[in-house]
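A closer look at the structure
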Amino acid sequence: MHYLEELKQKIKDRLPELDVVIGWEQGFDPLRATPLFMKTPEDVDRLIAGPLCVHNLATHLTGLKGRKVGIIVKGCDSRTVVELLQEKLIDRGDVVVFGIPCSGVVSVRKIGRELGTLDYVESVDLSGDTVKVTSEGMEHSFALADVAADKCGRCQYRSPLLSDVMVGEIPDESATDDYSDVAEFEKLSLEERRGHWLNAMDRCVRCYACRNACPMCVCRDHCVAQSRDPHWMTQEDTVQNKLLFQIIHTMHLAGRCTECGECERSCPMSIPLLLLRRKMNKEINDLFDYRAGTCVDDIPPLQSFKIEEENITERGW
Amino acid sequence: MSADATELRIVGFLCNWCSYGGADTAGVGRFQQPTDLRIIRVPCSGRIDPLFVVKSLIEGADGVLVSGCHPRDCHYSEGNYYARRRLEVLKRFLPILGIDPRRFEYTWVSASEGQKWKTVVSKFTEHIHELGPAPRLDSEACAQAAAIALQGL
Ligand code: SF4
Ligand code: SF4
Ligand code: SF4
């Protein structure tokens, strides 16, 4: 990444005034990056940036509230920061946002599907729009677009919406998002849709990774999934319980979810959770012409109202 | 609906100040009403978490009806405005889960509208009877769904 050295220098410049700067470093294998918490210039030297840096680091911001934090964001991650600011969950004065341009991140799951196993990744070579992965002595070459996360194919924010320090060139290509995936799914009959979710949720192991990875899930120890007062969910391993939890997550994220996809990415059972979030967002967009995390001064639609709602028709009986 | 039709399970969340009063007015006026609805009285339609509705539907209700004060008439000034947004969003969200959105309705009935309450409850009950008992969402349904999915492959 041609801007990496510049980014490192800019972080080093700001480090003295910050408690920590969050970025990414090489993970346990060449394909996987992992969050990096930089406190010293030596830490900064381990920084990487590019298509392997999939984590939305803004997930860590609320946990670090009250400290001076620097954070590196891609376009989509910047929406999370905007949304957190909108909801006053973080203080603008405490956060220094380092923005980087982005041309897509890889979906490790998609690569895994192509390779059959991700247990023996020996090396990864990223050049231009190509991702070369060597595993078990075999080299596999993919176009980045083919193995990118789904959200990248419809990305409208390749450049951060908010940043204090920006490096790299602002990419100009911007895709559109017409929620065609939701429309496609809704062509199925009600029975088929029901069957789809029952099947999918039956796999859920209630690990709550989806919740823990979600940057907007901020109730932490007070999550209704585990609370006994109110006792919304039982500890039983029933499909009703698991489905209810996903609906709770989706409802609690209504008008707040920025579709970063961390919920779905972190799910060990490959449950297509983002479809539920996107359906919700589509309806929020249709009703209130609103997209979460795009404007710091907006109020999330379910935290406000209009006396006359333009798009809600009164029900006659 | 004929008098001897089997009752279905319909849950009604009614706000204390208007719709519960409206249902009471209908009762005092001795209006003939279907008896499928189980009423749960809540302080305000703004108190109705959409998850009350979802939990009812997931755990076997055949229909859910929410009723509050008319917009501009809320006892707490604006509870029903928030409710309107949440409930509308919920109604539009249900189809993706494979839950028929017609099984959930929300409306506004004031304390003096006994006649309107009777109409609302009769029509909604009639709709639910037309739809029949709701498909279950339990492990048995899950096993069936898996079997259907396997056949499809
Ligand atoms: S959604 Fe956009 S900004 Fe986010 S990773 Fe994909 S291409 Fe980059
Ligand atoms: S629900 Fe999923 S997509 Fe939405 S903000 Fe949370 S992690 Fe991101
Ligand atoms: S991450 Fe997946 S398996 Fe874990 S609780 Fe969420 S949906 Fe269930």
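Residues numbered from 1 in each chain as written. Chains lettered and ligands numbered in written order. Predicted model: local features only at pLDDT ≥ 70, side-chain atom pairs only at ≥ 80, totals over all residues. Heavy atoms only, no water.

Quick notes on the UniProt feature "domain: F420-non-reducing hydrogenase iron-sulfur subunit D" (unreviewed entry) in chain B
In the numbering adopted here, UniProt assigns the feature "domain: F420-non-reducing hydrogenase iron-sulfur subunit D" (unreviewed entry) to residues 10-132 of chain B. Structurally, residues 10-132 of chain B comprises 42% helix and 19% strand, and the distance from its first C-alpha atom to its last is 11 Å. (UniProt positions renumbered as here; feature names shortened; annotations may be inferred. Helix = DSSP H or I, 4+ residues; strand = E, 2+ residues; numbered from the N terminus.)

Overview of the site of ligand 1
All names here are of chain A. Inspection of the region around ligand 1 gives Lys74, Gly75, Cys76, Cys102, Gly104, Val105, Lys151, Cys152, Cys155, Tyr157 and Arg158 as its neighbouring residues. Judged by the fraction of its atoms near the pocket grid, ligand 1 is located in the largest cavity. Looking at the shell around ligand 1, the elements that each hand over two or more residues are helix H3 (75-86) and helix H6 (150-153). A breakdown of the residues in the shell around ligand 1 according to their chemical character gives six nonpolar, two polar and three charged. (Near = heavy atom within 4 Å. 1 Å grid on protein atoms, 1.4 Å probe; cavity = no way out; pocket = protein on both sides within 12 Å on 5 of 7 lines; lining within 4 Å. Sits in = over half its atoms within 2 Å of the grid points. Nonpolar A, V, L, I, M, F, W, Y, C, P; charged D, E, K, R; others polar.)

A short note on the layout of surface pockets
Residues and elements named next belong to chain A. Its boundaries defined by the atoms lining it, the largest pocket holds a volume of some 730 Å³. The set of elements that each furnish at least two residues to the lining of the largest pocket consists of strand S2 (33-38), helix H4 (108-115), H6, helix H11 (262-266) and helix H12 (274-288). Per-class residue counts for the lining of the largest pocket are 14 nonpolar, six polar and twelve charged. (Points joined across faces, edges and corners; volume = space filled by probe spheres on them.)

Considerations on the site of ligand 3
Close to ligand 3 lie 13 residues; A:Cys204, A:Cys207, A:Tyr208, A:Cys210 and A:Cys267 are nearest. Of the residues contributing to the shell around ligand 3, the split by class is eleven nonpolar, one polar and one charged.

Overview of the packing of H12(A) against helix H3 (residues 79-93) of chain B
The relative placement of two packed helices is expressed as an angle between their axes plus a distance between the axes. The contact between H12(A) and H3(B) brings their axes to 10 Å, and the two run at 130°. Taken together, the axes of H12(A) and H3(B) are oblique relative to one another. H12(A) and H3(B) meet at a crossing whose hand is right-handed. Along its contact with H12(A), which presents A:Leu276, A:Lys279, A:Met280, A:Glu283, A:Ile284, A:Asp286, A:Leu287 and A:Phe288, the element H3(B) presents B:Arg85, B:Glu88, B:Val89, B:Arg92 and B:Phe93. Residue composition of the contact of H12(A) with H3(B), by class: seven nonpolar, no polar and six charged. (Axes fitted to C-alpha atoms, helices over the stretch in contact; angles between N-to-C directions. Parallel < 35°, antiparallel > 145°, perpendicular 65-115°, else oblique. Left-handed = near helix turned anticlockwise from the far one by under 90°. Contact = heavy atoms within 4.5 Å.)

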